[in-house]
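Examination of the molecular architecture
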Amino acid sequence: MDRRRFLTGMAQAAGAALAARPALANVPTPYDSSASPPRQSREAFVEWMVRNRGEDPRFLGARYDRFEQLVAHHDVWDEADTRAFLLTPREEFVTAENLDRAYEWHHLNIGFGVTITGPHTVARMTNTLEIRRGDKVLEIGTGSGYQSAYLSNLTPNVWSIEIIPALARRTRALYDALIARGYSEYRAIRTRNADGYYGWAEAQPFDKIIVTCGIDHIPPPLLQQLASDGIMVIPIGPPGAQHVLKAVKRRSPDGEMSVVRSDIYGGAIIPFVPFTGSHPS
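Structure report, in brief.

Calculation criteria
- Residues numbered from 1 in each chain as written.
- Predicted model: local features only at pLDDT ≥ 70, side-chain atom pairs only at ≥ 80, totals over all residues.
- Heavy atoms only, no water.
- Core = buried A, V, L, I, M, F, W, Y, C linked by side-chain atoms within 4.5 Å.
- Buried < 20%, exposed > 50% of the residue type's maximum accessible area, 1.4 Å probe, protein only.
- Helix = DSSP H or I, 4+ residues; strand = E, 2+ residues; numbered from the N terminus.
- Polar contact = N/O pair within 3.5 Å; in protein donor to acceptor, adjacent residues only side chain to side chain.
- Contact = heavy atoms within 4.5 Å.
- Pairing = 2+ DSSP bridges.
- Phe/Tyr/Trp six-rings, centres within 6.5 Å; stacked < 30°, edge-to-face > 60°.
- Lys NZ or Arg CZ within 6 Å of the ring centre and 35° of its normal.

With that settled, consider the nonpolar core. If you look at the biggest cluster of nonpolar residues, it comprises 79 residues, and the most contacted ones within it are Phe-93 and Leu-138. The element best represented in this core is strand β7 (residues 226-236), accounting for six residues.

And the structure:
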């Protein structure tokens with residue numbers, strides 16, 4: 001059965017729960033790409049975030065606690081990525097029924113037969129991309145919107161594709177609502193409802209590409225749209241048993257292209273929802 005038709009009732013209920021949920025915060029201070037919250041203590045972080053971002057101390061405390069776990073497990077190690085994680089309100093991207101679980105380790109259901117990836121995996125995959133300010137980044141699998149929101153704190157150039165029409169509409173509406181509430185960094189996110197296998201040709205080349213669903217091979221169109229020396233992070237393998245690979249596109253002095261692959265989890269299996277669409281298997 002097509003996963004887009006699977007559990008339709010649950011998907012609609014999850015969508016309604018997210019849409020009906022009251023806004024959690026309004027941002028009182030204009031976004032500053034150079035501003036970063038303190039992280040020497042939980043209290044200092046929460047105080048700064050309440051004052052500058054207007055967010056709920058309860059979720060901020062959970063975010064800081066998860067940040068300490070990310071550092072301990074070597075899932076985040078770069079200053080820019082640390083800042084991006086700390087500034088992204090994961091609670092805005094989960095369903096109402098999962099609000100109290102927003103910062104738990106594992107993935108959570110968001111309806112439509114798909115999930116929001118766990119914070120440790122999001123952080124490690126994103127940090128592996130080595131994003132620099134100004135990089136063009138393509139995300140395949142918008143999902144809840146959390147990954148692109150995280151990316152928008154790293155670069156003002158984010159493109160994201162979602163194949164499920166209703167989910168694409170819901171997440172675009174969420175971004176627009178958050179922008180209206182002061183999260184102006186999300187203006188960086190361009191979205192499209194399409195089959196991500198074929199990428200976003202008119203916006204190529206991309207410096208970085210992140211794929212958030214599992215597939216058994218690297219899609220050739222994505223590799224073609226990746227810039228020379230660009231990095232792609234992608235889960236590769238059979239359903240539910242993927243290895244997350246870092247693929248770096250290299251050009252030799254004679255102009256020949258090659259791809260250097262490495263496993264960012266050292267061979268561990270990390271399950272992802274499947275890559276769907278009409279592309280070749």
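So, on to the side chain of His-120. One can find His-120 in helix α5 (residues 119-128). Among the polar contacts made by the side chain of His-120, one reaches the side chain of Arg-66 at a distance of 3.0 Å. Leave out the neighbours within four places in its chain, and His-120 touches Arg-66, Gln-69, Leu-70, His-73, Asp-75, Trp-105 and Tyr-265.

Right, let's get into the pairing of strand β9 (residues 257-263). Direction of pairing for strand β8 (residues 243-251) relative to β9: antiparallel, over a ladder of seven bridges. In the strand pairing of β9, Arg-251 is matched with Met-257. The turn linking β8 back onto β9 is made up of five residues, and Gly-255 within it adopts a positive phi angle of 95°.

Our next topic: the packing of aromatic side chains. Per the stated rule, a full pass over the model turns up twelve aromatic pairs. Taken together, the ring pairs in this structure connect Phe-85, Phe-93, Tyr-146, Tyr-150, Tyr-175, Tyr-183 and Tyr-186 into an aromatic cluster. The residue whose ring lies beneath Arg-58 is Phe-59, and the NZ or CZ to ring-centre distance is 4.4 Å. Its end group placed over the ring of Trp-159, Arg-190 keeps NZ or CZ at 4.2 Å from the ring centre.

Counted residue by residue, helix α4 (residues 79-87) has seven buried out of nine residues, so it is predominantly covered. Among the residues making up α4, those that are buried are Asp-81, Thr-82, Arg-83, Ala-84, Phe-85, Leu-86 and Leu-87. The elements touched by buried residues of α4 are α2 (42-53), α3 (57-72), α5 and α6 (146-151). The backbone nitrogen of Ala-80 has a side-chain oxygen 2.8 Å away, supplied by the residue at the start of α4, namely Asp-78.

No statement about biological role is implied by the geometric values presented.
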